[in-house]
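Coordinate inspection notes
Below are the chains, spelled out letter by letter.
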Amino acid sequence: AQSVTQLGSHVSVSEGALVLLRCNYSSSVPPYLFWYVQYPNQGLQLLLKYTSAATLVKGINGFEAEFKKSETSFHLTKPSAHMRDAAEYFCAVSDPGGGADGLTFGKGTHLIIQP
Amino acid sequence: EAQVTQNPRYLITVTGKKLTVTCSQNMNHEYMSWYRQDPGLGLRQIYYSMNVEVTDKGDVPEGYKVSRKEKRNFPLILESPSPNQTSLYFCASSRRASNSYNEQFFGPGTRLTVL
């Protein structure tokens, strides 16, 4: 069974500072990994995904994430935070063997941007 | 515009009064899924559908029903809603479940309150 752990339910950074949101996964095989963002009163939007092509993945809005197999991690980063980045961020995993289960989500991290 | 739509967006109802939340996608996706989002729990899968007339339970199916008579529609039915089903519900779709790297596209969400 797969699982995802997001460290920190709330993360607060100053505008212009580095954003680091942590995600660790548990899977019997290297999974596919996703980061989704949820802006207030909206659905989830894909930020980026890892599907084994490259370990450093670049996404939208200046975000990127690095897959580290040895650490079973897929942390999300952005060099300089903007006020518009304030949102809920979800890490998710799926089994590359395919199947019907879809995505397993972490519990989410609420990113707060201080002016 | 490619999208997943849900109706209604907001609903307040009373215990025991049957309700249906509709979900429709215009991307010809085979796979559709329902999630509920609760504070501190992230998103949990309720039901999913691999294709027309093919549905199965997710992690939290109790108290819910679904049907998939057409490819584009995947309604969520609460036959006898209870207060513990008060939640934010998301419908999602993706091209094929067998290719688990396909991203899921999410609807805007339905906020349900059961009194």
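We now turn to the structure provided with this report. Predicted model, so just to flag it, every value in this text is computed and none were measured.

Reading guide: rules and limits
Residues numbered from 1 in each chain as written. Chains lettered and ligands numbered in written order. Predicted model: local features only at pLDDT ≥ 70, side-chain atom pairs only at ≥ 80, totals over all residues. Heavy atoms only, no water. Disulfide = S-S within 2.5 Å. Helix = DSSP H or I, 4+ residues; strand = E, 2+ residues; numbered from the N terminus. Buried < 20%, exposed > 50% of the residue type's maximum accessible area, 1.4 Å probe, protein only. Pairing = 2+ DSSP bridges. Axes fitted to C-alpha atoms, helices over the stretch in contact; angles between N-to-C directions. Contact = heavy atoms within 4.5 Å. Buried area = accessible area lost by both parts, 1.4 Å probe. Salt bridge = Lys/Arg side-chain N within 4 Å of Asp/Glu carboxyl O. Polar contact = N/O pair within 3.5 Å; in protein donor to acceptor, adjacent residues only side chain to side chain. Nonpolar A, V, L, I, M, F, W, Y, C, P; charged D, E, K, R; others polar.

Here the focus is the state of the cysteines. As used in these notes, a disulfide is a covalent bond between sulfur atoms, one from each of two cysteines. Under the defined criterion, the tally for this structure stands at two disulfides over all chains. Covalent S-S linkage joins C23 of chain A and C91 of chain A, the inter-sulfur distance amounting to 2.0 Å. Taking the torsion about the sulfur-sulfur bond, which here is approximately -65°, the covalent link between C23 of chain A and C91 of chain A counts as left-handed. Here C23 of chain A is found in strand β3 (residues 19-26), whereas its partner C91 of chain A is found in strand β9 (residues 87-94), with 68 residues between them in sequence. With respect to class, C23 of chain A is no different from C91 of chain A; both count as buried. Two residues, C23 of chain B and C91 of chain B, share a disulfide whose sulfurs are 1.9 Å apart. Its S-S torsion of approximately -70° makes the covalent link between C23 of chain B and C91 of chain B left-handed. Residue C23 of chain B is located in strand β3 (residues 19-25), and its partner C91 of chain B is located in strand β9 (residues 87-94); the two are separated by 68 residues in the primary sequence. When sorted by exposure, C23 of chain B lands in the same class as C91 of chain B, which is buried.

Glancing now at the sheet that holds β3 of chain B. Hydrogen bonding along the main chain pairs the strands of a sheet, whether they run parallel or antiparallel. Residue and element names in this part refer to chain B. Taken together, the four strands give an open sheet; going across it, the order is β1-β3-β8-β7, and neighbouring strands pair in antiparallel fashion. In this open sheet, the two strands that pair with only one neighbour each are β1 (4-7) and β7 (65-66). Here two bridges tie β7 to strand β8 (residues 76-78), and the two strands are oriented antiparallel to one another. Paired with K65 across the two strands is I77, which belongs to β8.

Time to look at the sheet that holds β3 of chain A. All names here are of chain A. In space, the five strands of this open sheet follow the order β1-β3-β8-β7-β6, with antiparallel pairing throughout. If you trace the sheet from one side to the other, it starts and ends with β1 (3-7) and β6 (56-58), each paired once. Averaged over all pairs of adjacent strands, the angle between strand axes in this sheet comes to 20°, irrespective of strand direction. Direction of pairing for β1 relative to β3: antiparallel, over a ladder of five bridges. Considered in β3, the bridge of V4 is made with Y25.

What follows deals with the interface of chain B and chain A. Each partner contributes to the interface: chain B provides 24 residues, whereas chain A provides 24 residues. Interface of chain B and chain A: buried area, both sides summed, is about 1700 Å²; carbon and sulfur atoms make up 53% of it. Our enumeration of links across chain B and chain A arrives at zero salt bridges. Across the chain B-chain A interface, the total number found is two residue pairs in polar contact (both at pLDDT 80 or more). Contributions of two or more residues to the side of chain B that touches chain A are made by β4 (31-38), β5 (42-51) and β9 of chain B. The greatest single-element share of the side of chain B that touches chain A, amounting to five residues, is contributed by β5 of chain B. Tallied by class, the residues present in the side of chain B that touches chain A amount to 13 nonpolar, nine polar and two charged.

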